[in-house]
Amino acid sequence: MPKHYRPPGKKKEGNAARYITRSQAVKHLQVTLPVFRRLCILKGIFPREPKKKVKGNHHTYYHTKDILFLKHEPLLEKFRDIRAYDKKVKKALSKKNRDLAERLLTRKPDYTLDMLIRERYPSFIDALRDLDDCLTMIHLFAALPAVEREKIQVKRIHNCRRLSHEWQAYISRTHKLRKTFISVKGIYYQVEVEGQKVTWLTPHALQQVVPEGVDYNIMLTFLEFYETLLAFVNFKLYHSINVKYPPILDPRLEALAADLYALARFIDANSKVPALEPPSVNSSGSEQDKAHQKESKLDESELRLAQLQHQLPSNEPGALMHLIENASGEEEDDEETRECKALFKNTKFFLSREVPRESLLFVIPAFGGVVSWEGEGAPFNESDQTITHQIVDRPTQGRRFLSREYVQPQWVYDSINARIILPVEEYLVGRVPPPHLSPFVDNEAVGYVPAYAETIQRLQAAARKEVLPMPGLGKEDLDDPQNLLAEGIISRTEAIEAAQKKQKMSILEKQYHEELKMELKGVQYSAGSNANKQNSAEDTEAVEESLPEAAVQQVAEDVASMAKVLMPRRKRKLYEAMKIGESRKRSQVDLLKERKKKIEANKSG
């Protein structure tokens, strides 16, 4: 009898009833494989891995309930209608009836994904949690060229670029940017919106090459869903700061490819519009409310008319402010947002043409700075005497102004990650800048702190007026080693070394206090110092005799091995895996330290 034999008429049970293969699902839904893939992407249905694969390991499995869920999806009927309509158009073209084909194309059925967004994301926080891949995909297609053979249309590229600029303008206006890092792949950004951290990757502003061997149909299906999702998120975020969506931009700035700056000006102007007051109880309240609405509509129409008739000056930041009445102050920001907002508060930047303009136009205003660039539509020119920093990436400059600093673009990103204005001496034009450290790496967890990271920590402590321990001394020198060992912060050998170091420090401190007493009594330093040296030598010898290193290590190893023997099997395996991970981490740290020693030896040699 076969292993999975089931008598005829008996109901399926177990994995055979819970899971269904992809070929069975396609046959059950009566659709083609591309349509099935598209439905699964839009509905958020992914393959599953059952513990027992009934049909074999070479099949892809789905939940049976998910396939039944797809069976009653309205989009499935829409796709069938579109397919039937395409057949009609194809038939008309084959009969050389172009008039009928054009009429059919004008009445082609269409669909929207609005209900899918509300179905998959019941709350706004759910949408923010799933925004990482969405932003990465949209920023990727915003930088790609339009390729007709891969069905990458110009309209999709422009829509992705518009959505990405709207998102960046909101982040820059509300100062929600927290981290940024430049890598070979692109530029990483991390923001915090309503308590949710969102991280995405933006490609470099270079000529992108569309590689072959990539299934762009699947990517375009994901992009179709992500465009709708980001439009919903931008709508919600813009209305949270009293700004209408979609925004209306200055056409001259749009023609000059200054979309981000135009969006920033639009948000600065429209976020000052006060919210409508609630109607009062008396009869005159409704009249006041109507008058207030009429005034707001007049202001809005005046703004639209000024924008469309090219009456807005484009040579000064915040030029729309005179069109709208001043409103009450903004909502109170948290401490981190206030810190980010005040980082570049009194600085004014000018960007040369060789630096990444879009990225710097995004990050500098997000931290309170004012920025301009070289070209038409810029807020101010290079000859402005109030400029404090000019971002350049060329070794030679035609002319220099003595009233400003000429720095490389890395200085901006390192200052943002450090949350302080770093010294510009290391970032001057023509010099090799210090290493660009990633803010996404926890140096304490890794176990290795780079030299420049220690320098930044000193500068941060000086900015906060804190006192750090001297180089070579750590927190374990100040805390009790036994407590640190019990909490699992340090290992047993590190605790022994810390205890020895603490005893030696206490002996030296005692010797120092005795010398001070002898000075107060008037005893000569030479006689007292010899006696103290002898006493300190005897004390150190006593310490070394009381704590022989080999014996202490042997005792620690015996205790550890005994505890390991008494462990259950599962916990012992877990403990061994943890030890293997610690040894790998230690070897990586040792390798980094060896490389650092070689670099320092080469520099000194």
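Cut-offs and rules
Here, residues in each chain are numbered from 1, in the same order as that chain's written sequence. For this predicted model, a pLDDT threshold of at least 70 governs which residues receive local features, and a threshold of 80 or more governs which side-chain atom pairs are given and counted, while totals over whole chains, interfaces and linings are taken from all residues. Only heavy atoms go into the side-chain values, all of them from the structure, while hydrogens and water stay out. For Phe, Tyr and Trp, where Trp contributes only its six-membered ring, two rings pair if their centres lie within 6.5 Å, and the inter-plane angle classes them as stacked under 30 degrees, edge-to-face over 60, or tilted in between. Secondary structure counts use DSSP, requiring at least four H or I residues in a row for a helix and at least two E residues in a row for a strand, with both numbered from the N terminus. When a residue's accessible area, from a 1.4 Å probe over protein chains only, is under 20% of the maximum for its type it is buried; when over 50% it is exposed; and in between it is partly exposed. Placement of a charge over a ring requires the Lys NZ or Arg CZ to be within 6 Å of the ring centre, with the centre-to-atom vector within 35 degrees of the ring normal. The pairing criterion for strands is at least two bridges between them, as found by DSSP. Crossover handedness is defined by viewing with both strands directed away from the observer: a clockwise path from the first strand over the helix to the second marks the crossover as right-handed. For helices, the fitted axis covers only the stretch in contact; all axes are lines through C-alpha atoms, and the angles between them, taken along N-to-C directions, range from 0 to 180 degrees. We call two residues in contact whenever any of their non-hydrogen atoms come within 4.5 Å of each other.

Chemist: Give a description of the packing of aromatic side chains that names residues and reports values.
Modeler: Overall, the coordinates contain 16 aromatic pairs when judged by the stated rule. Judged by centre distance (5.4 Å) and plane angle (35°), the rings of tyrosine 189 and tryptophan 200 are tilted. With tyrosine 189 in strand S4 (residues 187-193) and tryptophan 200 in strand S5 (residues 196-202), this pair connects stretches of sequence that are eleven residues apart. Summarising the aromatic geometry, the rings of phenylalanine 344 and phenylalanine 349 are spaced 5.2 Å apart at their centres and angled 75° between planes, so their arrangement reads as edge-to-face. There is no split in this pair, since phenylalanine 344 and phenylalanine 349 are both buried. Taken together through their ring pairs, the aromatic side chains of Tyr121, Phe222, Phe225 and Tyr226 make up a single cluster. Across from the ring centre of phenylalanine 380, 4.4 Å away, lies the NZ or CZ of lysine 348, which sits over that ring.

Chemist: Explain the pairing of strand S7 (residues 370-373) residue by residue, including any values.
Modeler: As paired strands, strand S6 (residues 348-351) and S7 are joined by four bridges and run parallel to one another. Within S7, the position partnered with phenylalanine 350 by the bridge is serine 372. The parallel pair S6 and S7 is bridged by helix H16 (residues 357-366), and the resulting crossover is right-handed.

Chemist: Outline the sheet that holds S4, listing residues and values.
Modeler: If you trace the three strands from one edge of the open sheet to the other, you get S3-S4-S5, paired in antiparallel fashion. With partners counted over all chains shown, the strands left at the sheet margins are strand S3 (177-182) and S5, one partner each. With strand direction ignored, the average angle separating the axes of adjacent strands in the sheet is 15°. Where S3 and S4 come together, five bridges link them in antiparallel fashion. Each residue of the ladder has a partner; that of leucine 177, found in S4, is valine 191.

Chemist: Go over the environment of lysine 564, please, and point to the residues and values.
Modeler: As for its placement among the helices and strands, lysine 564 is situated in helix H23 (residues 549-565). Spatially, the C-alpha atom of lysine 564 lies 9.3 Å from that of glutamate 576, the residues being twelve residues apart in sequence. Excluding its chain neighbours within four sequence positions, the residues that come into contact with lysine 564 are Arg572, Tyr575 and Glu576.

That's the geometry; what it means functionally is another story.
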